[in-house]
Amino acid sequence: MSATSQAPIIPIKSSSEPPHVIAPDAANLFSRRAQRFDQLAAGHSLGDWLRFLGAISRAQHEALQVMPALDLPDAAQMGVARDHRMPPLPAQSWPRPAAWRDSLSAIAAAVSNIAPDAARKDLARLATYDAAQIEALADRVLHTELYGDDAALLPYVAAALQVLWTAGASRLGVAEIGALDVPGVCPCCGFLPVASVIRTVGEVSNLRYLHCALCNTEWNLVRLKCSTCDVTDGVTYKALQDESGKENDSIRAETCESCKSYLKIAYAEKAAVDPVADDLATLALDILVDEAGYSRSGPNLLLVPGG
Ligand SMILES: [Zn+2]
Ligand SMILES: [Zn+2]
């Protein structure tokens with residue numbers, strides 16, 4: 001190697017076209033989420049719970065780093081999915097490998113000694129379940145049936161499923177994933193978004209991406225548009241205010257008058273937001289818009305509804 005290289009690196013002119021899909025960053029996603037949970041926990045009335053979720057995110061990071069090779073769709077199967085505008089790793093029908101249950105065991109082991117009492121009892125019960133019972137809980141998560149008996153166990157099961165699907169999504173090759181007909185579901189796994197994020201990508205600022213609640217893939221959707229019913233009229237924003245009346249400008253609720261749904265929208269240009277962590281740190285905003293008559297259009301899988 002010499003200072004005067006024969007093959008200089010020529011900067012590639014950046015395209016102004018934003019990427020349609022952004023794959024999850026497997027090396028950093030869950031560790032950054034853990035840091036954000038810790039940051040949001042400071043001085044928060046739900047601080048202990050947010051710190052516990054930070055520990056779960058850290059355990060997800062460790063589990064993702066050791067996730068073995070996966071049997072992912074080959075080029076022909078990807079082509080079929082693209083032609084039929086179907087997600088390549090569908091939440092409800094991708095044959096999930098048993099390795100995800102190893103992630104579940106690892107996550108449970110990593111957090112059980114720091115879990116609050118109720119959570120520790122839940123984890124002890126989960127440890128007595130056999131593979132068939134655990135797979136049945138997974139089916140409930142993947143069909144968003146997040147209620148009923150054992151609902152308190154579902155966030156742990158979901159955390160492990162997020163690790164599996166995030167591994168799949170990050171290894172698949174984003175360029176192979178086509179757009180779907182429905183803007184409100186993930187083009188990689190067909191699951192619902194947990195929130196939107198406004199971010200800068202390359203040199204383009206102010207781009208809106210929906211963030212998948214399961215596989216952490218993000219997909220582009222124009223702003224000021226309801227992700228559920230596709231209308232642009234009647235989309236408005238609601239935010240929390242602190243005691244001095246200052247608005248929380250890092251996350252707001254995007255509400256739609258047409259279908260009466262809402263989803264939160266986090267502003268990555270304002271703070272180091274994480275759509276999952278910032279969502280759970282602002283449950284008061286959910287109560288506010290829920291009382292105003294709107295229903296949430298995508299779940300946060302780390303939350304036990306009503307729990
Ligand atoms: Zn997804
Ligand atoms: Zn709508």
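So, how was this worked out
Residues numbered from 1 in each chain as written. Chains lettered and ligands numbered in written order. Predicted model: local features only at pLDDT ≥ 70, side-chain atom pairs only at ≥ 80, totals over all residues. Heavy atoms only, no water. Donors = N, O, S within 2.8 Å, 3.2 Å for Na, K, Ca; no water. Tetrahedral: all angles 85-135°; square planar, octahedral: opposite > 155°, others 65-115°. Helix = DSSP H or I, 4+ residues; strand = E, 2+ residues; numbered from the N terminus. Buried < 20%, exposed > 50% of the residue type's maximum accessible area, 1.4 Å probe, protein only. Domains from an automatic or database assignment. Buried area = accessible area lost by both parts, 1.4 Å probe. Salt bridge = Lys/Arg side-chain N within 4 Å of Asp/Glu carboxyl O. 1 Å grid on protein atoms, 1.4 Å probe; cavity = no way out; pocket = protein on both sides within 12 Å on 5 of 7 lines; lining within 4 Å. Points joined across faces, edges and corners; volume = space filled by probe spheres on them. Nonpolar A, V, L, I, M, F, W, Y, C, P; charged D, E, K, R; others polar. Arc of directions from axis to C-beta. Contact = heavy atoms within 4.5 Å. Pairing = 2+ DSSP bridges.

So, the coordination of the zinc ion (ligand 1)
- Summarising the metal site, the zinc ion (ligand 1) is bound by the protein donors C186 (SG), C189 (SG), C212 (SG) and C215 (SG), whose distances to it range over 2.3 Å.
- Metal-centred angles of 96 to 119 degrees between the 4 donor atoms at the zinc ion (ligand 1) mark the site as tetrahedral.
- The sequence pattern describing where the donors of the zinc ion (ligand 1) fall on their chain is C-x2-C-x22-C-x2-C. Residue C186 is found in the loop between α7 (154-172) and β2 (193-201), and its partner C212 is found in strand β3 (residues 204-212); the two are separated by 26 residues along the sequence.
- Given a relative accessible area of 0%, C212 falls into the buried group.

Topic: the domain arrangement of the protein chain
- Domain annotation of the protein chain identifies domain 1 (22-176) and domain 2 (193-296).
- Between domain 1 and domain 2, the C-alpha centre-to-centre distance is 22 Å.
- Summed over both sides, the interface of domain 1 with domain 2 buries roughly 1,600 Å², with 63% coming from carbon and sulfur.
- At the surface where domain 1 touches domain 2, the tally comes to 2 salt bridges.
- Two residues, R33 and D274, come together in a salt bridge whose shortest N-O distance is 2.8 Å.
- Looking at the side of domain 1 that touches domain 2, the elements that each hand over two or more residues are α1 (29-41), α2 (47-65) and α7.

Description of empty space enclosed by the protein
- A complete count under the given rule lists 2 cavities of 30 Å³ or more for this structure.
- Size it by volume and the largest cavity reaches roughly 50 Å³.
- Residue classes in the lining of the largest cavity are distributed as 5 nonpolar, 5 polar and 1 charged.
- Each pocket or cavity is described by its volume, and for the second largest cavity that value is around 30 Å³.

Notes on helix α5 (residues 117-127)
- Every buried residue of α5 is accounted for by A119, D122, L123 and L126. An end-on view of α5 places all buried positions within 95 degrees of arc, on one side of the element. Those residues of α5 that are exposed and aimed more than 90 degrees away from the buried face are D117, K121 and A127.
- Packing partners of the buried residues in α5 comprise α2, α4 (99-111), α6 (131-142) and α7.

Details of the pattern of salt bridges
- Tallied over the full model, the rule gives 19 salt bridges.
- Here D181 ties to R85 by a salt bridge, and the two come within 2.4 Å at their closest N and O atoms. Of this pair, D181 sits in the loop between α7 and β2 while R85 sits in the loop between α3 (75-83) and α4, placing them 96 residues apart in sequence.
- According to the relative accessible area criterion, D181 is exposed, its value standing at 60%.
- Note on R85: relative accessible area 39%, which makes it partly exposed.
- In this structure, D286 engages K264 in a salt bridge whose closest nitrogen and oxygen atoms are separated by 2.4 Å. Remark: K264 occurs in strand β7 (residues 261-267) and D286 occurs in helix α9 (residues 283-291); sequence separation between them is 22 residues.

What to know about the pairing of β7
- For β7, the tally of buried residues reaches 7 of 7 residues, placing the bulk of the element in the interior.
- By the alternation rule, side chains of β7 split into S261, L263, I265 and Y267 and Y262, K264 and A266, which are all buried.
- When β2 meets β7, the two strands line up parallel, connected through 3 bridges. Each bridged residue has a counterpart across the sheet, and for S196 the counterpart in β7 is I265.

Side note on the environment of G79
- In this fold, G79 is placed in helix α3.
- Judged by relative accessible area, G79 falls into the buried class, the value being 15%.
- Sequence separation between G79 and E176 is 97 residues, and the spatial gap between their C-alpha atoms is 8.1 Å.

Some words on α9
- Taken as a whole, α9 has its buried residues at L285, D286 and V289. One side of α9 holds all its buried residues, which, seen down the axis, span an arc of 105 degrees. Opposite its buried face, α9 presents the exposed residues I287, D290 and E291, each directed more than 90 degrees away.
- Looking at the residues trailing α9, positive phi occurs at G293, about 100 degrees.

Some thoughts on the coordination of the zinc ion (ligand 2)
- Taken together, the protein ligands of the zinc ion (ligand 2) are C226 (SG), C229 (SG), C256 (SG) and C259 (SG), with distances of 2.3 Å.
- Geometry at the zinc ion (ligand 2) is tetrahedral, judged from its 4 donor atoms and the angles of 105 to 113 degrees they form at the metal.

Focus on the pairing of β2
- Across the 9 residues of β2, 7 count as buried, placing the element largely inside the fold.
- Where β2 lies against β3, 7 bridges are found, and the strand directions are antiparallel. Bridge assignment links P193 to a residue of β3, and that residue is C212.
- Counting the residues between successive antiparallel strands, the hairpin from β2 to β3 contains 2 residues, one of them, G202, with a positive phi of roughly 65 degrees.

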